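Structural features, examined
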Amino acid sequence: MDFEYSEEQTLLKDSLRRFIDGRYDFESRRKLLASSDGFSRDNWRQFAELGWLGVAFPEDSGGFAGSPVETMIIMEEFGRGLVVEPYLATVVLGGGLVEIAGSAAQKSEILEPMIAGELMLAFGHSEPQGRFNLADVRTTAEKDGDGYRLSGKKIVVYHAGVADRLIVSARTSGDVRDSDGITLFLVDPRADGVSIRDYRTVDGFRAGDITLEGVKVGADAVLGTVGGAHPAIEAVVDRAISALAAEAVGAMERANEITNDYLKSRKQFGVAIGKFQVLQHRMVDMYMHAEQAKSLSCMLAMKLDGPDRERALAAAATKARVGQAARFVGEQAVQLHGGMGMTEEYTVGHYMKRLTMIETLFGNVDHHLRRYAALAD
Amino acid sequence: MDLAFSSEDRAFREEVLAFVEANLPGEIRDRVARGLGVGKEALTAWQRTLHEKGWVAPAWPRNYGGAEWPLVRRYLFQQVMGEAAAPDIPPFGVNMVGPVIYTFGNEAQKARFLPRVLSGEDWWCQGYSEPGSGSDLASLRTRAEDQGDHYLVNGQKIWTTYAHLADWIFCLVRTDDSGRPQEGISFLLIDMKTPGITVRPIITIDHGHSVNEVFFEDVRVPKENLVGEPGKGWTYAKFLLSNERTGIAHVASAKRQVARIKSIAGAEEIDGRPLIEDRAFRARLAAVEVDLMALEFTELRLLSKVQGGGTLGAESSLLKIRATEIQQSLTGLLLEALGNYAAPFEAESEDDARRNEPPIGPDYRDGALQQHIYGRAATIYGGSNEIQRNIIAKMVLGL
Ligand SMILES: Cc1cc2nc3c(=O)[nH]c(=O)nc-3n(C[C@H](O)[C@H](O)[C@H](O)COP(=O)(O)OP(=O)(O)OC[C@H]3O[C@@H](n4cnc5c(N)ncnc54)[C@H](O)[C@@H]3O)c2cc1C
């Protein structure tokens, strides 16, 4: 039993912290949000140079053979800085799917340039009716000669608008909500019949709705086995949950530091407001939420490569608990700042917005409590 | 004890409802129902409609142009307005500065300001909070120096809602430093066009613009704009606050929100069934509905107490706390009902620029996020919920 970082992991964390402190201050981030991509391609190149895009992938995929703990470290620091680059979309989800399900040829075609920072990915899975049920897929893939024709709609796909390749789930057989019969496809976003309506999200990211109208793809576009994608989707979403939990932990820790400093410096009634016991107790609750979230985030990272059921239980528990923590910490950080918490020009509200969204992404508290109960009994 | 309203009161309710149905434009109603802001022009037009009917100021005495309704009527009027998604008339004129002027102002001030408050010709804003004085308002430092025929005002206000739209601001200013902080405060009316006033917008985290910073640099304010006596501003402000708190429970609009959530959760699916049939979701919504019912009947019980000659003190803090907490729980459920579609968020100005593109997701998601995010302010403004709890602890419980 050991929750401490290795020497390399500590170095990784330090280099991330240096980057965030040096290059990702609040004002620089605000400029990124307003830019046309909504993030910085320069930063992305830096991530590649520093090895952050490949750290979690095995060596035979061009990576550096790290573990989910490395992803956790990266995402925690990204959470502190509210980093908006498409790491989750491209590396964790897109790269993760290719690693889990892809052929050797697909891996070298996609993972190598992705790790080099030259290829961005997005995973289009959720549909208007599907909510958080990963098997609820209505998008169809009809056989068409050697290949397929895809039709359907994918919603709120983070970073769809900048992706060089989309990975899209579609039904090759079975009924809506059957876990069998779902297939993953690599789709060129510029192909005929693909349209993307992109937009800003409340947490400062970009996302898009993807409409597929009879999009023709070849047989080589299939990622993994035909009709058998559900386990890969579950696995990669649990990776995303682990990444998001870590991001939430980083964001909560930073929001708590900012709020704690504010309680010490803001004076009302002739004293620092941190002298009011009700605010002390609130701050203590915020701290306890973050600590508990951190414990589960570490647990999940260490179970992510374990047996499926254990992984799934850990992911459900973590997402449910972190979701509650994220909501509480974000909202109370704003509350304890008074009017300051409500201003766009000040940091803390941005933490609240991201934490609010993390609660929803890949399933809210309700969803994961239900999932946990179903798995546990 | 009797829960039923009299038949006259019920008839009154019907009359108000019919009037709103006939006179409130559909677009405005739709915006209010979605929790989106309503522009100055539309608000002023609605105020004029109510004014012409004599309904703009339910609580004001008749001789100043009010309706002077008894409490129950005022309550019912507010309920109908809330149910019908009528926009709130900005409170700063009719609910706040108006009553201060007719209670403490001189005849010239009454004649000059009250008619324009009622008609909506003048828009007012409230200049209380300062960067260093929020919860601890009595520490405010904006100075008004006596210069014989005028005051010279220097200082800064912050979080001033509508300062960018207002013609006038009522300010708490410091005219005396010698005694207790509360004793040196005066209530001053200032024309926003006076040289030396600068308004700087503050954009809030919902990307909206309603609050501002207001800077005063050697602003000359005629003495005739002082309300009542110098040094009595704190007393007037407390009087104003007691006015501000009536109708603070917003039960009707919360009920509308419940209905909206039910309708969205009826359209949204979970595992192929309507979300509203999901037991966990339904139970949580039911819990908030029950909270809301407790708030509604607490408000009625307090109302009945006042009607019987009692006075409302710190109990109104209870209404403010519960009302804002319920509002926030409801927008949380709204967000939850939207599922993945909770995330997209474009400010309205951004939307305008993309008018030719298809809307994002189902129509009912419009406004929900703005309302949820901006709604975090409800537990901060008007005396934060922590301060309201302090008030109850001290004034009601004697702790
Ligand atoms: C959207 C919005 C609109 C507003 N509109 C107006 C307006 O039109 N005019 C105007 O004058 N003002 C307005 N305000 C200002 C509002 O009244 C203040 O924000 C509020 O009084 C809190 O003051 P503050 O922001 O300085 O926070 P602070 O007073 O600094 O409070 C910070 C935190 O400390 C807590 N706290 C402070 N003192 C105590 C205590 N003794 N015990 C326990 N906890 C305490 C508070 O509850 C809060 O959580 C508006 C504010 C907002 C957000």
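Model, not experiment: these values are computed from the prediction. (Residues numbered from 1 in each chain as written. Chains lettered and ligands numbered in written order. Predicted model: local features only at pLDDT ≥ 70, side-chain atom pairs only at ≥ 80, totals over all residues. Heavy atoms only, no water.)

1. Here we look at the overall build of chain B
Our working rule: Under the DSSP-based scheme used, a helix requires at least four consecutive residues in state H or I and a strand at least two consecutive residues in state E, with every element numbered from the N terminus. For every residue, the accessible area obtained with a 1.4 Å probe (protein chains only) is divided by the maximum for its type, and the residue is called buried under 20%, exposed over 50%, and partly exposed between those limits. Throughout, a contact is declared for two residues whenever any of their heavy atoms are within 4.5 Å. The charged-residue count follows a simple rule in which Lys and Arg add positive charge and Asp and Glu add negative charge, with His and chain termini not counted at all. Lysine's charge is taken at NZ, arginine's at CZ, aspartate's at CG and glutamate's at CD.
A tally of regular secondary structure across chain B gives 13 helices and 10 strands. Structurally, chain B occupies a C-alpha span of about 75 × 55 × 50 Å along its principal axes. Burial analysis of chain B (399 residues in total) assigns 49% to the buried set. Residue pairs at least 24 apart in sequence account for 73% of intrachain contacts in chain B once pairs closer than 6 positions are excluded. Between the centroid of the 44 positive side chains of chain B and the centroid of its 54 negative side chains there is a distance of 4 Å.

2. Thoughts on the site of the ligand
Selection criterion: If a single non-hydrogen atom of a residue is within 4 Å of a molecule or strand, that residue counts as near it. Polar contacts here mean pairs of N or O atoms no more than 3.5 Å apart (in protein, one a potential hydrogen donor and the other a potential acceptor; neighbouring residues in sequence count only if both atoms are side-chain atoms). For this classification, the nonpolar set comprises Ala, Val, Leu, Ile, Met, Phe, Trp, Tyr, Cys and Pro, the charged set comprises Asp, Glu, Lys and Arg, and every other residue, Gly included, is treated as polar.
As a matter of local geometry, the ligand sits amid 30 residues, with Arg-266 of chain A together with Ser-135, Trp-159, Ser-384 and Glu-386 of chain B nearest to it. In this structure, a nitrogen atom belonging to the ligand sits 2.8 Å away from a side-chain N or O atom of Ser-129 of chain B. At the level of elements, helix H8 (277-303) and helix H9 (308-336) of chain A together with helix H13 (385-396) of chain B are the ones that each hand at least two residues to the shell around the ligand. Considering each element in turn, the shell around the ligand owes the most residues, three residues, to H13 of chain B. Residues belonging to the shell around the ligand are distributed by class as follows: 15 nonpolar, 13 polar and two charged.

3. Topic: the packing of aromatic side chains
Any aromatic ring pair is given by two values, namely how distant the centres are and how the planes are angled relative to each other. Note the following rule: Only centres within 6.5 Å qualify two rings of Phe, Tyr or Trp (six-membered ring in Trp) as a pair; their planes then separate them into stacked at under 30 degrees, edge-to-face at over 60, and tilted for everything else.
This model, assessed by the stated rule, comprises 30 aromatic pairs over all chains. Look at Phe-78 of chain A and Tyr-87 of chain A: their rings are 5.3 Å apart centre to centre, the planes differ by 85°, and that puts the pair in the edge-to-face class. Overall, Phe-78 of chain A belongs to the buried group, its relative accessible area being 2%. For Tyr-87 of chain A, a relative accessible area of 2% corresponds to the buried category. For the pair Trp-69 of chain B and Phe-77 of chain B, a centre-to-centre distance of 5.0 Å together with 50° between the ring planes defines the contact as tilted. Phe-77 of chain B shares its class with Trp-69 of chain B; the two are buried. Members of the aromatic cluster, connected to one another through ring pairs, are Phe-104, Phe-113, Trp-124, Tyr-128, Trp-168, Phe-170, Phe-187, Tyr-236 and Phe-239 of chain B.

4. Regarding the UniProt feature "domain: Acyl-CoA oxidase/dehydrogenase middle" (unreviewed entry) in chain A
The line we're drawing: UniProt positions are given in the numbering used here, feature names are shortened, and annotations may be inferred rather than shown by experiment.
Following the UniProt record, the feature "domain: Acyl-CoA oxidase/dehydrogenase middle" (unreviewed entry) maps to residues 122-211 of chain A here. Between the first and last C-alpha atoms of residues 122-211 of chain A the distance is 14 Å; the span itself is 0% helix and 51% strand.

5. Let's talk about the side chain of Thr-360 of chain A
One can find Thr-360 of chain A in helix H10 (residues 348-360). According to the relative accessible area criterion, Thr-360 of chain A is buried, its value standing at 6%.

6. Quick word on helix H3 (residues 40-53) of chain B
Residues and elements named next belong to chain B. Threshold: For a helix, the expected span equals 1.5 Å multiplied by the number of residues minus one. Note that the arc is computed from the directions linking the helix axis to the C-beta atoms.
In this model H3 runs 20 Å from its N-terminal to its C-terminal C-alpha over 14 residues, within 8% of the 20 Å that 1.5 Å per residue would give. Listing the buried residues of H3 in full gives Leu-43, Thr-44, Trp-46, Gln-47 and Leu-50. Buried residues of H3 fall within an arc of 160° about the axis and therefore sit on the same side. Exposed positions of H3 whose direction lies more than 90 degrees from the buried face are Glu-41 and Glu-52. Following H3 by one or two positions, Gly-54 has its phi on the positive side, about 85°.

7. A closer look at the UniProt feature "domain: Acyl-CoA oxidase/dehydrogenase middle" (unreviewed entry) in chain B
According to UniProt, the feature "domain: Acyl-CoA oxidase/dehydrogenase middle" (unreviewed entry) maps to residues 125-219 of chain B in the numbering used here. Helix makes up 0% of residues 125-219 of chain B and strand makes up 51%, while its end C-alpha atoms are separated by 17 Å.

8. Quick notes on the packing of helix H7 (residues 230-265) of chain A against H8 of chain A
Residues and elements named next belong to chain A. Quick reminder of the rule: Lines are fitted to the C-alpha atoms to define the axes, a helix being fitted only along its stretch in contact, and any angle between axes, read from their N-to-C directions, falls within 0 to 180 degrees. Throughout, the term roughly parallel applies to angles under 35 degrees, roughly antiparallel to angles over 145, roughly perpendicular to angles from 65 to 115, and oblique to all others. Note: crossing handedness is left-handed where the near helix turns anticlockwise from the far helix by less than a right angle, and right-handed where it turns clockwise.
The N-to-C vectors of H7 and H8 enclose an angle of 155°; their axes lie 9 Å apart at closest approach. Between H7 and H8, the angle is such that the two are roughly antiparallel. Handedness of the H7/H8 crossing: left-handed. Listed contacts from H8 to Asp-238, Ile-241, Ser-242, Ala-245, Ala-246, Val-249, Met-252, Glu-253, Asn-256, Thr-259, Asn-260 and Leu-263 of H7 are Leu-279, Met-283, Met-286, Tyr-287, Ala-290, Ala-293, Lys-294, Ser-297, Leu-300 and Ala-301. For the contact of H7 with H8, the residue count by class is 14 nonpolar, five polar and three charged.

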